[in-house]
Structures are given as structure tokens and as C-alpha cells.
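Residue-level structural notes
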Amino acid sequence: MAPVASQASALLSTLSRRRFNIRTICGGRNGFAPYTSSAPSPAADMDTPLAGTKILETFSEEFEIGSRKITLETGKMARFANGAVVLGMEETRVLSTVASAKGDSVRDFLPLTVEYQEKQFAQGVIPGTFMRREGAPKERELLCGRLIDRPIRPLFPAGFYHEVQVMASVLSSDGKQDPDVMAANATSAALMLSDIPWGGPIGIIRIGRISGQFIVNPSTDELSLSDLNLVYACTRDKTLMIDAQAREISEKDLEAALRLAHPEAVKYLEPQIRLAAKAGKQKREYKLSMVSEKTYDKIRSLAEAPIEAVFTDPTYGKFERGEALDRITQDVKKELEQECDEEGLKFLSKTVDTVRKQVVRRRIIGEGRRVDGRRLDEVRPLYCEAGNLPILHGSSLFSRGDTQVLCTVTLGAPGEAQHLDSLVGPPTKRFMLHYSFPPFCINEVGKRVGLNRREVGHGTLAEKALLAVLPPEDDCPYTVRINAEVMASDGSTSMASVCAGSMALLDAGIPLRDHVAGLSVGLVSEVDPSTGEIRDYRILTDILGLEDHLGDMDFKISGTRNGVTAIQLDIKPAGIPLDVICESLEPALKGRLQILDQMEREINVARSRNGRNSPRILTLKYSNDTIRRLIGPLGALKRKIEEETGARISVSDGSLTLVAKNQSVLEKVMEKIDFIAGREIEKGGIYKGVVSSIKEYGAFVEFNGGQQGLLHISELSHEPVSRVSDVVSVGQVLNLMCIGLDVRGNVSLSLKATLPRPGLKTNASVAAQEAPRVWEPIDNVNEKKYQDDKPLDSGASLLSGTSGVLIRSAVECDEEEKSAGLNKKSKHRSYSESKSNAKSPIENIANSVSDVEDESNTDSQGVLNNNKSTAEAPLSVKKLKLGTEMTAKVHQVRARGLVLDLGGGIRGMYRFEIGFRRDFEVGEEVKVKCSSFSSKGIPVMSLLEQHKS
């Protein structure tokens, strides 16, 4: 037991700390308060320090924009980062951190890296990957990283080449707010808190529009209804970045949205400034890589004149001009090496590039002439070709000047849509545009590895531009993939991808609402060095790659004749006035209309692909039980069909979508599907079946998805057959015709009906005489139809109960063989007895049914006599036989026949013959005879006398 003095000393120390509120300060903002307890503890007995409670000093700002409450908080998390801010909106939280390398820079560019990550814990989900953790960055994460990078990059000071890394992570997401804009604002606040030199703050805002009304900070549900998704970034008085997707919004409405977005985005600035005043660090002195005025003047004097000579000669092409400029740089380098000017050699490349920029700007602003001799608003020569690769679903080639893009379209089943794994937005995407920029398009050598941020960004921009004109999913339920392959690059390949993609979609038969074209607008300005204000500027239409590099702005605008569908603005200076941005919309529209004229001359409507080599897409309707039978266990049967035929099968609830390379592949896969799943059995239809068993009187055949039918011995051949096994064997595959069926599902098949009759030299088989089923191309039909456009009626409404016609099944015949005697004179006649009977199979079937009913004491008097009888007693289902004559009333008059009231609640149908007059009246009595039954058991009647008009 500890001495009493020790206990009293510990108690006194605790009371003293409580009284005077003493705490230990660490780092200025960390504190440790001792843990106290009223009950004695073992730790109190020992002379060990007590555990303390760490106190985190946090700073926050709270404000409201667009009816959304927003908070900025720092000091609680990521305290070692150079700057860290958590931005919250409702239940969504985003953490953004910044850090900078401390060493001296040895490069001539800013190595800024922005990483945005959405982990599945933010929505309470475990990743579905094999390792159950996030892998490589997804497309959306790359796009959000670009969205953060583009507005913050221009605000770093010139000559600041230290490595900077921004990492933004979504901590929690309620699915109501898109975290991308929140991460960009949090990054701006984190840079303001850090000691990194940066010319912020900036504000980023999202604007939507529903029913003509603009919405600030729309939720994800509101964005799904909006025809505009505009992301706008700015400083207090200048624009930094624009990214928008729209459904053909006019230039006037777009300008109104931009002017609304600017003051709303500025509301983010003051809270960041206040937070930086509370918790921000003093900006550190970094070493800037700047060339001296003396070295700059020396290099300019050596390079300016030859550079101006190159830029004033419009005969130079892209590579010839580049080679000439490289020779000038090498000549200047030799001069500096002779003078041993180390500083000049160090900054040579950057300084020569600055001289080029000044020469180009002076010529454009002073003379109004561009590098290639064009006027400021002139579009380069165009070339359009659609369908240049005819074996593909769709293809096109688009050239604007030296820029050339090849686009191909591939159509797939709905199940082939891309599955997205993002925190917000739809779970799948059925339209994809994949942009590829291979090294050969700029005559370079390079390695293709993984996803490229630039390629993802350009492809998404073109995808947004075309998405606005796609038909609704109900009209075009297919997955569409466009591959945009850059064949040559000299400026604005993403907008060339939009033009080529629009033509390729029409070539693939996709009925677009309108053509989409795009081009890039540039800016060359003259800035006052003292104030930084623009004194003079020129807007350039359809900029070259060199003009993009040496200019101030790359403003990509795409749309139709009716409005804008997508825009993307990237700038190099620290902001451009919004008035200049809005002024650029008019020349962009004029240039876009010129391109649309050229594209429409090449192709202006969706093409119909009717050739046998053109791809086919077909949607079939089946019951879920049938679809399960088609798929097989674990999808094994589906995969086997795909491997054997080369077609693609996509399964959804109640439908089956087939994608085939051509008509022959489609017919091949349909043959297999019909064999497994079956189709509606029709009298006279040809079916492929397999002999399952052989009896004395015939063979049983499995066909049409597992159904059984009887191939009687009399239907094997036109010649007499003594034994069934002489003609067919078990397992043999046959093409058979259905010659009889009833409502119980019993089917009578015939082999000889598919064979040519002996003695005829050129008698085509019945199978060839059957009308071929033509599969329409994808732009004409979506579903396979076996019935008329408007059937007379369903079997349930026309006939209640069961028909008196009976075709025996295999089980019934087996039971009959086992019955005592097998007497041929018995009232139960077997199918083998009908071989010696001169009557047709249908007559034998009808007689056997009559005998069965006689034995069961069924009243059949006056109903059937040698297959001809008149219904005198009240008609019932059992009394209705083949050949029954009666008087019926016209119940309905249809376009292709009559629905007849046969009495006793039974309905029958009569089909009009070709050229027959349709002048029947409802309630009129007609003399009819039962000639057959449909596959659903509906009596099919024929007229006994011509109807008199």
C-alpha cells in the first residue's frame, strides 16, 4: 500500500491543476490535460505519469451558397500536411491536403500532381474486387483530378518549379452532392493555409437549369432533370476554368448562366480568406527559376529575326516549321557555347519559347495574320468521309487541316454497358467514347501504358458533346462504343473526334437528332505589365497546335445548329475577363456552322444497313423459365452457344438480345436458340428434331426445346415402309413438318412432307417453299415477330375448355402396347393400325377420338359421322370435331377475318381469303364447317357457301 503522503501529494497536484486550469502546450495548438478519477487506481499507487486527453485546436468557417450550408474546417485531421481542409455540405465531407518539396528545383516546368480518390467506405460499402480494396484510379477519379488541376495551375508564380502534390479524398458521401466541386474548393482553401506561394483563393460553383430556371449547387437528383451541368471557376474578377455539358443550350442562355455563376463562385473567397487569417502559415521564400534580363536580351537578339522569318512564311507545314525552329535554337546554342554562357544555356529552351510567343503575338495583334496565313476567323480546309470501313458497324474519317481522326462505332447488347463504381451518378453507362492519341500521330516514339489523363479528359469531352443528340434508350436500347483514333494532330483533336463521331453514328444507323460539330477558339492578348490588365486582344477561330501552345486560351465549344452541347475552357494566364469569354461564343458558332455544312453534305440521315455482311442486333421475348433453360447452369449453355456461333447474348428480365456480326451468324445462333428454347408450333412449320425412341408404329422425336412429337410410320417416306428402324435411328437429326397438333400439346410430325415426291425432276422441298423468316437490320426492327401484326384473338378468349381432337403422346402409346391383347379391332386404335388404313392421319385421329368417347358413354350421336356431321344438339367442347357443320353468328369483324360465335360460349375464327370482300355484319348467321384447330386450340372454320353481298 502506498504511503498516505504520496496519495495526498497526488490529490493536491490534481486539485491544483483543476483550480488554475493548467495544461501542457505542444506545438502551440496541442494540449494534454491529466486524466483524473474519483476512484483510486493502481496507477495512482505507482509513481508513473497519468494518461492525458489531447486537445485539438480547430478553426472553421460556415457560410451558405445556393440554399446549401457549407463548412470549412482545419486543425483536426492531417495536421502534418502543409495545408489541410475538410469541406462539408450536408452529410458529404471531403478532405484536401497539399504538400511541396523543399529542395531546389532543377526543371523548367511546374510538376503539379493532383490525385482525387473515392473509396467505397465513404458510402458504407466493401469493394467488390477480389482483394476487397480499391485499385488503380477510375475514369471519374482522373476527371475530378483534372477538374481540380485546371483552375489552380495558372495561379502559381512564374518560375516556381518545386514539386507540389494535392490529394483529395472523399470521407463520407450521402449521394446527394457531387464531391468534385467540393474537393476543388477545399484544395483552394488548403493552398491558402499552406506556405506555398499561390495567387488564390478561387471559387468553383456548379449551375444547373430545370424548366428554364437556373439552380445554384444542384443536387444529383436535380442534375438528372437538368439540361445544363456547368462547372465554373474564377478569382474575384477573372475566369479560370469552364466545363459544361448541355442539351443544345443557346449561346444567349449559356452567357446568362456564366454571368450568374461568377458572383455565386465569388462567395467562396471570403470564408477562405478568413480561415487563412486564423490558421494560415506565412508564405515561405522559395527559389524561383528566372532568367536575367541581360541573358534574355542576348538570346532574343540572336533568335528573334530568324524566328520571325519562319512565322511569316505560310508555306511551312507543322513539321517543316518545327524543324526550322529547332535549327534556330541549335544555332543560338552554338553561340552561347562559344561564349561559355552557362546561364544562357540553362534557360535557352524556355527563353527561345518566350521569344517565339512574342513574335507570334505581335504579328497576330498588329497585322491580323496567323502563322499559316489564315484570317483570324477562318476555318482550315475540311475533309469528311463516312462509311470508309464498310464491314464495321459504323466508321468515318474527318480531317481539318493537318488534324485527322478516324472514328469507329461498335454496337452491343444492353448487358454490355459499362458498370460504374462511383459514389454518385448512374450505375451503368451505355454510351462510351474512347479517345486514343498514339505517338505516331505527332511522329514520335512512345510507349502506351495504362490510362492517360489527357486521353480520358478529351474522350469524355467528346462523349458529352454527342450524348445530347442520342435517341432515347427506348428507341435505341443498345450499348454504343466509339473509338476515336487520332491519325494526325495539329490542334483540337478532341473537337475533330466530335465531328467524326457524329458521322460514324449516322453511318451505324443510329438516328441522331442532329449533327454535332466542334472547334477550338483561341486568344492572343497584350497585357499591361504594371497592372496585369489586358490592353488589346484577338480571338482566333480553329487554332493550330502552335497557336494553342503560344496563346492564352483553348476554348473548346461543340454543338448543333440549335445550341451548345459541351464546352471546355483552359487558360494559361492568371485569369481572363468573362466579357472576353462571352465574346468568343459568336465566332465559335460561325465556325461550327461551316463544319456542319460540310458534314451534312457527306451524310445527313442514319443509314439502313441491309447487306448480309452488316451486323445484326435482335431482341427476343421469352418467359423467365425459358431464359433460365437457355442460360444453363452457371451460364455454361450460354457461353457454349457464344463460342460455337461467335454471337454475343445479353440477358435481361424477360428478353434476350443477340448481337451478330452478320446475317449468317444471326441465323446460326437463332437455330440453336430455337432448338433449345423452342418457338410457337404452327401447322405446316418446319422444325429440326432428334429421334428419341422408336416404336412399331413410328418414332418419337424431341424438338423445339424439349417437346415430343410423333413421326408415324406412314409419314416416313412416300414409299411403303415395313420397319421404322430401316429409315430412322435413335439420335438421328431430322427436318420435320408439323401436320397436326392439339391443345394438349401433342404433335404429329411428317418426314415425307419435307421430301420431294418421286417422279418430279425439279420439285423443291416443302422446307424451301416455306416463306423464309427475314431478320430486319437494327434500324428497322427490335423484336422477332412470329404472328400477324394484329392476331384475331387469344386462345383464352376464343375457346374455353379443351378440344375434342386428340393426338396421342408417347406415354399413351406405351400404355396401349402393354394393354391386354393389343386387339386391332379394339375401340382404342393404335397408330400402327393406321398404316393399313387408307384414311389420312387426321381422319384416323378423329375416329380414334370418337371411339374413345363412345366407350366413355359420351353422347356423340349426330356429332361426327365419317368426319361429316351437323351440330343439331347444343354444342359443347366434346362435340366439336373436325368436319362438324353448324350455323354460327358473326361476333366480330376484323381486318383479316371473323370471330364467330359457335354457341355454348365457344368462339371460332375464319380467315379471309385473298381478294375476298369484307362485307359481313355483326350478328349475321353463316354456315360453317370446322376444318382445323390452331396451335392454341382455337377452332378454325371454313364457309360452306359463298357469302352473298
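To start, this report covers the structure provided alongside it. It should be emphasised that the depicted structure is a prediction, and the values quoted were computed from it without experimental measurement. (Residues numbered from 1 in each chain as written. Predicted model: local features only at pLDDT ≥ 70, side-chain atom pairs only at ≥ 80, totals over all residues. Heavy atoms only, no water.)

1. Some words on the overall build of the chain
From N to C terminus, the chain includes 23 helices and 38 strands. Split into buried and exposed, the 949 residues of the chain put 47% on the buried side. Contacts in the chain between residues far apart in sequence, at least 24 positions, make up 68% of those at least 6 positions apart. For the chain, the computed accessible surface area is about 46,500 Å², with 51% contributed by carbon and sulfur atoms. (Helix = DSSP H or I, 4+ residues; strand = E, 2+ residues; numbered from the N terminus. Buried < 20%, exposed > 50% of the residue type's maximum accessible area, 1.4 Å probe, protein only. Contact = heavy atoms within 4.5 Å. Areas by Shrake-Rupley, 256 points an atom, 1.4 Å probe, with all protein chains shown as cover.)

2. Here we look at the sheet that holds strand S11 (residues 213-216)
Reading across the sheet, the eight strands line up as S11-S10-S12-S13-S24-S23-S21-S22 and stay open at both edges, with antiparallel pairing between neighbours. In the strand order of this sheet, the two ends are held by S11 and strand S22 (534-541), each with one partner. Neighbour to neighbour, the strand axes of the sheet diverge by 20° on average, direction disregarded. For strand S12 (residues 228-234) and strand S13 (residues 239-249), the ladder comprises seven bridges, and the chain directions are antiparallel. By the bridge assignment for S13, Tyr232 is matched with Ile242. (Pairing = 2+ DSSP bridges. Axes fitted to C-alpha atoms, helices over the stretch in contact; angles between N-to-C directions.)

3. With respect to the pattern of salt bridges
Taken as a whole and assessed by the stated rule, the structure comprises 52 salt bridges. Between Asp149 and Arg153 there is a salt bridge, with the nearest N and O atoms lying 2.9 Å from each other. Assessed through its relative accessible area of 15%, Asp149 is described here as buried. On the accessibility criterion, Arg153 (32% relative accessible area) is partly exposed. Measuring nitrogen to oxygen at the nearest pair gives 3.0 Å for the salt bridge that ties Lys672 to Glu644. With Lys672 in helix H19 (residues 663-677) and Glu644 in helix H18 (residues 636-645), the pair connects residues that are 28 residues apart, well separated along the chain. Given a relative accessible area of 37%, Glu644 falls into the partly exposed group. Taken together, the shared-partner salt bridges connect Arg370, Asp372, Arg374, Arg380, Arg400, Asp542 and Glu547 into one network. (Salt bridge = Lys/Arg side-chain N within 4 Å of Asp/Glu carboxyl O.)

4. So, the packing of helix H9 (residues 318-339) against helix H11 (residues 348-367)
At their nearest, the axes of H9 and H11 sit 11 Å apart, and the two run at 130° to each other. Regarding the angle of H9 to H11, the classification is oblique. Crossing geometry of H9 relative to H11 is assigned as right-handed. Where H9 abuts H11, its residues Leu325, Asp326, Thr329, Val332, Lys333 and Leu336 lie against Leu348, Val352 and Arg356. Taken together, the residues of the contact of H9 with H11 break down into five nonpolar, one polar and three charged. (Parallel < 35°, antiparallel > 145°, perpendicular 65-115°, else oblique. Left-handed = near helix turned anticlockwise from the far one by under 90°. Nonpolar A, V, L, I, M, F, W, Y, C, P; charged D, E, K, R; others polar.)

5. Brief notes about the sheet that holds strand S30 (residues 707-712)
Spatial strand order, S28-S29-S30-S32-S31: five strands in a closed barrel with mixed pairing. Shown here is a sheet whose adjacent strand axes are inclined to one another by a mean of 55°, direction ignored. Across six bridges, strand S29 (residues 698-703) lies against S30 in antiparallel orientation. Bridge pairing links Glu702 to Gln708 in S30.

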